[in-house]
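Descriptive structure summary
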Amino acid sequence: HGTVLAAWGGLEARAGATAKGLMLLRRSTLTCKHNAHAWLLLARYLGAAAKRNQALTVLEKGLHYSPSNTPLLHAHAMAVLHLGDRERAKAELSRMLERDPKCAYA
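This report concerns the structure included in the present document. (Residues numbered from 1 in each chain as written. Predicted model: local features only at pLDDT ≥ 70, side-chain atom pairs only at ≥ 80, totals over all residues. Heavy atoms only, no water.)

**Quick word on the packing of aromatic side chains**
In total, this model carries one aromatic pair according to the counting rule given. When the ring of Trp-39 is compared with that of Tyr-65, the centres are 6.1 Å apart and the planes differ by 15 degrees; the resulting orientation is stacked. Of this pair, Trp-39 sits in helix α3 (residues 36-48) while Tyr-65 sits in helix α4 (residues 52-65), placing them 26 residues apart in sequence. Given a relative accessible area of 6%, Trp-39 falls into the buried group. (Phe/Tyr/Trp six-rings, centres within 6.5 Å; stacked < 30°, edge-to-face > 60°. Helix = DSSP H or I, 4+ residues; strand = E, 2+ residues; numbered from the N terminus. Buried < 20%, exposed > 50% of the residue type's maximum accessible area, 1.4 Å probe, protein only.)

**Regarding the pattern of salt bridges**
Summed over all chains, the structure comprises four salt bridges. Where Glu-87 meets Lys-90, a salt bridge forms, and the shortest distance between an N and an O atom there is 4.0 Å. Here Glu-87 and its partner Lys-90 are both found in helix α6 (residues 86-99), three residues apart, which amounts to about one turn of the helix. Under the relative-accessibility criterion, Glu-87 is labelled exposed at 52%. Classification of Lys-90 as partly exposed rests on a relative accessible area of 43%. Across the pair Arg-88 and Glu-92 runs a salt bridge whose closest N-O atoms are separated by 3.1 Å. Placement of the pair is Arg-88 and Glu-92 together in helix α6, with a separation of four residues, close to one helical turn. Residue Arg-88 is classed as partly exposed on the basis of its relative accessible area of 35%. Because the salt bridges share partners, they merge into one network encompassing Glu-60, Arg-88 and Glu-92. (Salt bridge = Lys/Arg side-chain N within 4 Å of Asp/Glu carboxyl O.)

Here is the structure:
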């Protein structure tokens, strides 16, 4: 159910129905808290709507449920960078490389 909501929300947001897409993505994260893809999509569309602080909060919630999810970790580091904290972003990317030296995201 959560995966279907995430897909539907992403389609709505891409089609320009941002409010509806965000609502569906939020429902998806509530329905299936371990669906990292839903957290990523929600953060992406919040960031695109110039709601970067909300996007960072969403990524942090997603990491609470999936703490070792590499795409979530990378998106979080990039969100921190976009909010102006270059040193924190570098530290997060370095930790990703320490965990997995072959990490394509870092």
